[in-house]
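Report on the structure
Chain by chain, the residues:
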Amino acid sequence: MTEIYPSLAQCAVVAAALKILLFPAYKSTDFEVHRNWLAITNTLPLWEWYYEKTSEWTLDYPPLFAYFEWTVSQVAKLVDPAMLKVYNVEYESWQTVYFQRFTVIITELLLVYALQMFVDSSHGASKRAAHAAAISILLSPGLLIIDHIHFQYNGCMYGILIASLVLARNKSTMLWSGLLFAALLCMKHIYLYLAPAYFVFLLRAYCLSPKSIFRIQFLNCVKLGAGIAAIFGTAFGPFALKGQIPQIFSRLFPFSRGLCHAYWAPNVWAMYSFIDRVLIVLAPRIGLSVKEGALQSVTRGLVGDTSFAVLPDVTPRVCFALTLVFQAIPLLKLFSQATWDNFIGAVTLCGYASFLFGWHVHEKAVLLVIIPFSLIALRDRRYLGAFRPLAVAGHVSLFPLLFTPAEFPIKTVYTVFWLILFLMAFDRLAPASSRARFFLFDRFSTMYITISIPLIVYCSLVHGVVFGKSYEFLPLMFTSSYSAIGVVGSWVGFMVVYFTS
Amino acid sequence: MARSSPSPHKPRRKPKQAGYATSSLSNVSTVETMARTPAFPLAAFLWPARGTVSQWELLPLILMAVGLFRWAAGLWGYSGFEKPPIFGDYEAQRHWMEITTQLPISQWYFHDLQWWGLDYPPLTAYHSWLCGKIGSLIDPSWFALFSSRGSHDPTLKVFMRATVIVSEYLIYVPAVVVFVRRYSRLSGVANWSASVALVAILMQPATILIDHVHFQYNTVMLGLVVASMSSMLAGRNLWAAVFFVAALGFKQMALYYAFSVFAYLLGSCVFPRINLPRLIAIAAVTAVSFVILILPFVIGTLSDLKSGIDSRPDIDGPRPPLPLFQGLADYLDTEAFYYPVVEQLVQMVHRIFPFARGLFEDKVANFWCALNVLVKINKYPAELLQRGALLATLASIIPPNLVLFFRPRRELLPLAFASTAWGFFLFSYQVHEKSVLLPLMPMTLLLAGSHGLNKNNRTWVGFANILGCWTMFPLLQRVDLAMPYTVLTLLWAYLLGLPPTSLGVYFHEGGNTWSQWVTAFIHGAFYLAMALWHVLAQSVRPPPDKPDLWVVANVGIGAAGFSLCYLWCVGRLVVQSEILPRSWFGKKDKAKTQ
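Remember, predicted model here, so these are calculated numbers, not experimental data. (Residues numbered from 1 in each chain as written. Chains lettered and ligands numbered in written order. Predicted model: local features only at pLDDT ≥ 70, side-chain atom pairs only at ≥ 80, totals over all residues. Heavy atoms only, no water.)

Our focus in this paragraph is the overall build of chain B. When its secondary structure is counted, chain B shows 26 helices and zero strands. Against the globule reference of 25 Å for 594 residues, chain B gives a C-alpha radius of gyration of 25 Å, in line with a compact fold. The buried share of chain B, reckoned over its 594 residues, is 56%. Long-range pairs, those at least 24 residues apart, make up 77% of the contacts in chain B between residues at least 6 apart in sequence. Split by element, the accessible area of chain B, about 25500 Å² in all, is 66% carbon and sulfur. (Helix = DSSP H or I, 4+ residues; strand = E, 2+ residues; numbered from the N terminus. Rg over C-alpha atoms; globule rule 2.2 N^0.38 Å. Buried < 20%, exposed > 50% of the residue type's maximum accessible area, 1.4 Å probe, protein only. Contact = heavy atoms within 4.5 Å. Areas by Shrake-Rupley, 256 points an atom, 1.4 Å probe, with all protein chains shown as cover.)

This part covers the packing of aromatic side chains. Within the structure shown, the criterion is met by 76 aromatic pairs over all chains. Judged by centre distance (5.2 Å) and plane angle (80°), the ring pair of Tyr78(B) and Phe81(B) falls under edge-to-face. What makes Tyr78(B) buried here is its relative accessible area of 3%. Ring geometry for Trp142(B) against Phe143(B): centres 6.4 Å apart, planes inclined by 85°, an arrangement best described as edge-to-face. Here Phe143(B) falls in the buried class, since its relative accessible area comes to 0%. Aromatic ring contacts, followed pair by pair, group Tyr352(A), Phe373(A), Tyr383(A), Phe387(A), Trp418(A), Phe422(A), Phe426(A), Phe494(A), Tyr498(A) and Phe499(A) into a single cluster. (Phe/Tyr/Trp six-rings, centres within 6.5 Å; stacked < 30°, edge-to-face > 60°.)

At the junction of the two partners, chain B supplies 37 residues and chain A supplies 43 residues. Of the roughly 3800 Å² buried at the junction of chain B and chain A (both faces included), carbon and sulfur atoms supply 76%. Here chain B is connected to chain A by one salt bridge. Residue Glu57(B) pairs with Arg428(A) through a salt bridge whose shortest N-O separation is 3.2 Å. Counting residues per element, the ones that place at least two in the side of chain B that touches chain A are α3 (41-45), α4 (55-73) and α23 (482-495) of chain B. It is α4(B) that provides the largest number of residues to the side of chain B that touches chain A, a total of nine residues. Classifying every residue of the side of chain B that touches chain A by side-chain character gives 28 nonpolar, five polar and four charged. (Buried area = accessible area lost by both parts, 1.4 Å probe. Salt bridge = Lys/Arg side-chain N within 4 Å of Asp/Glu carboxyl O. Nonpolar A, V, L, I, M, F, W, Y, C, P; charged D, E, K, R; others polar.)

What follows is about helix α18 (residues 381-396) of chain A. All names here are of chain A. Spanning 16 residues, α18 covers 23 Å between terminal C-alpha atoms, matching the ideal 22 Å at 1.5 Å per step. Considering bend angle alone, the principal kink of α18 is centred on Phe-387 and spans about 25°; proline Pro-389 follows within four residues of it. Extensive coverage of α18 is indicated by the burial of 16 of its 16 residues. The N-cap residue of α18 is Asp-380: its side-chain oxygen and the backbone nitrogen of Arg-382 are 2.8 Å apart. (Expected span 1.5 Å × (residues − 1). Bend = angle between axes of the 7 residues up to and from the residue. Polar contact = N/O pair within 3.5 Å; in protein donor to acceptor, adjacent residues only side chain to side chain.)

In this structure, Ser164(A) sits in helix α8 (residues 154-167). Here Ser164(A) is in contact with Ser177(A), Leu180(A), Phe181(A) and Tyr198(A), once residues within four sequence places are set aside.

Looking now at the packing of helix α21 (residues 455-471) of chain B against helix α25 (residues 549-577) of chain B. All names here are of chain B. At their nearest, the axes of α21 and α25 sit 10 Å apart, and the two run at 150° to each other. The orientation of α21 relative to α25 falls into the category roughly antiparallel. The interaxial crossing formed by α21 with α25 has left-handed handedness. Two secondary-structure elements touch here, α21 through Asn-457, Trp-460, Phe-463, Ala-464, Leu-467, Gly-468, Trp-470 and Thr-471 and α25 through Asn-554, Ile-557, Gly-558, Gly-561, Phe-562, Leu-564, Cys-565, Trp-568 and Arg-572. Of the residues contributing to the contact of α21 with α25, the split by class is ten nonpolar, six polar and one charged. (Axes fitted to C-alpha atoms, helices over the stretch in contact; angles between N-to-C directions. Parallel < 35°, antiparallel > 145°, perpendicular 65-115°, else oblique. Left-handed = near helix turned anticlockwise from the far one by under 90°.)

Rendered as structure tokens:
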């Protein structure tokens, strides 16, 4: 087998160079969040980790991530001990910045390794496509913006997720796939959104006999159950002994937050809010009543309150129910045909459902959809057709995360570069589908992608020139409504592809 | 990525016809395109683009990628950041935007010379005026007279960085793209190899570090020089003269190339037969370009005079004598209407060419500074030193320019420009360490030439560039730029498969093994010395009586390495021009490698 160029390692080297150059870039409060966690885990005994609240950025990730922070802090001690003082709020010496930024780059090696596993697990004609998909994930503008500028450790965790997805490809490694995913859940609970797909897939493909769903493979069940119990025991056990589980859960699941985040993630609720805003203007003419109190909160949607002026309010219960329903639909098919491709499709659709209907979804969660989808986007042109609007919408929706002028060229040029490069490459690599394309969907996606150009220009330049500082919510609202159309459109498209292939 | 693979499906759109342009040249395609695997990582990155991808799809991606690295590097600090009282180059450029937008034109070269007085030629002043006008639209306080001095407003930094990158994308980048296209066609290099060379040239670390990190507008001047060379390649000698005058008018440093421009243009009027009309046309166009360049100053001075604006409001009483050419005053009527114009132009020359300063200013890796380590040359009278510098410079630049004059061939331009610029850099007067950008530019352009990407050429171009960055390390270190220095230099070395990231470039099959070993040995010694120097300078404090020990060591090693680069360029020039009888070649070649 001839090598495919450029190799993942080569891309990783050049990407790392760019990421190091981005060290002085803007960083969000997440940087301080993680510094604080380093300090908490390093200086306090285990029992106080989830009670400490000197800084407002309390520890709200599951214990395995806290252990990870503790490990990192052992090195941090050697770099600059001052960053490990809990009371040193907002501390950012250059050593701290270098160190924390470096840890992101180094832990991301896990992603490179997992992607290499993914390429190696593909064979024949699909290997080139897998290679291209792997590079697209490695160079993802989402990871660059969220991890290397905004600051978080998603690269490392998506590495674990991809490794786990790849391990599910083989019957012999399926157990490890499940265990790895359990460990991932203990690092960041957002992956719970994908758990239903894992549950169904492992149940059908690992715990039940391939021949009949009524024959249970007991040994496999015991292995999987014991393994998962051991992992959760390691993570939560020490805290359970002290009876701290309720405290941990109150940190992990803060239900007091509002339906939409301060900036609307591009999901169904963003469209719902948008329609509500439009109805505020139209309501008097068509005779609908407007709730006065809600008018004040236009687009604020600040943590805690999102009230709608015309449309009925949405409760967490409704969100939860809708998410479960739309997750359940693809899982039925997965249960009947537990192939790896269906599994990845189901994981993607679980991600979609939770992103589109979830309560207080953050725009960063769009990676939960884009990254699993990338693994199968090149299966054929129909998949690619559904992927394209998502790639555009998902990444454009991340732009408001960075609002400083210095980072503006980075986020836009990098994203445009990535979109041109990979949409062009994917277009050449994706094989034709054996089934007919469905009517007009390609036209829709081309038109949709074209609209993004004037939209970006308006939001970043024209609006500022015309309105100055007033109506600041307008570009945000346009961006998220536009992106919401793309994400929802690609979801519908992918649902059709999933059920017809 | 691998777009060259035969897709199992039929694409709905037919691929563009650009592939045919490549195939017409395929009979001369270089070793790199024939190879089965990419020879160095940069080639691997462009590997999927071989053959089927059109230049017009590739070029925007290349420009975006190199732009990203530039902008990201610009996030780091700049020269003089929060270093009062005088700050640095960044403040100088900002200050010029301030004075050009706030003061009448006749005061530009006179205003408060102690605070970064304008000392670049007029085109820089016009460029500053334009940038300052645009910036004032965004925030007038950035360029308010006096009160804006030393401003470190972060948004101003973004604006200043943007002016550098926009100027570069308007001048340097298009000039390089066109040059690479023409030069590679001329040398029979395939499109794909030319794209690889283009990325290598645009990622040149020294240029990014000085312009986008440390802060200056060198690429504008370099771009105009490239445009001039590119016009020569196209046979448009008049345009070459115009562009070169513009380069000189932007930054006097372009004089480093002046001899080669002169030698080539004159040579092309003499050989193969004397072409007097061409000569006259070139001379006339050059003269007219100079006049247009200074015309705004002449008109501005006269109109300021008419409206009663004094060019030096700070001076009462009689006008001081001219700073230079004082003899002129005897022949001119100091009361005449044209006298202020003369005064203005003399002041301009006086500001641009600081004859009164020493032989060298800071520690710079040229011959004089290196010699100063051995013999304290500052004890000799300044005039003797100036004369010595003049003679040495002439001795070093006359041979390559004679070659170019007698063989005014287009393929020789980069080598001749590089040799001349190296001669100036090594031996002339008042050299700054940043001036190493001038010889590096034409030398790096060699990558786009015939066999430009083969190992022998890459070793030397790479060596010069990495050594060049290394000699600028003390300058960058002073403003805490060690990190971008490390990243950009290593990245370039990695992309081109050079030490310290790879040694493969020194060992290849075929060719003269003996000369390979000599090159490997010499370069190896230099790379080791550079690495060792970094380790020592980082960890060992120099003895108290020699506080500059590491800088001096840097200068000595740098000067020796640059001398080798000079010899290599001259040697290659002599061999390629075929000016010497063939029978001499064997000996000559070896003599140069040693």
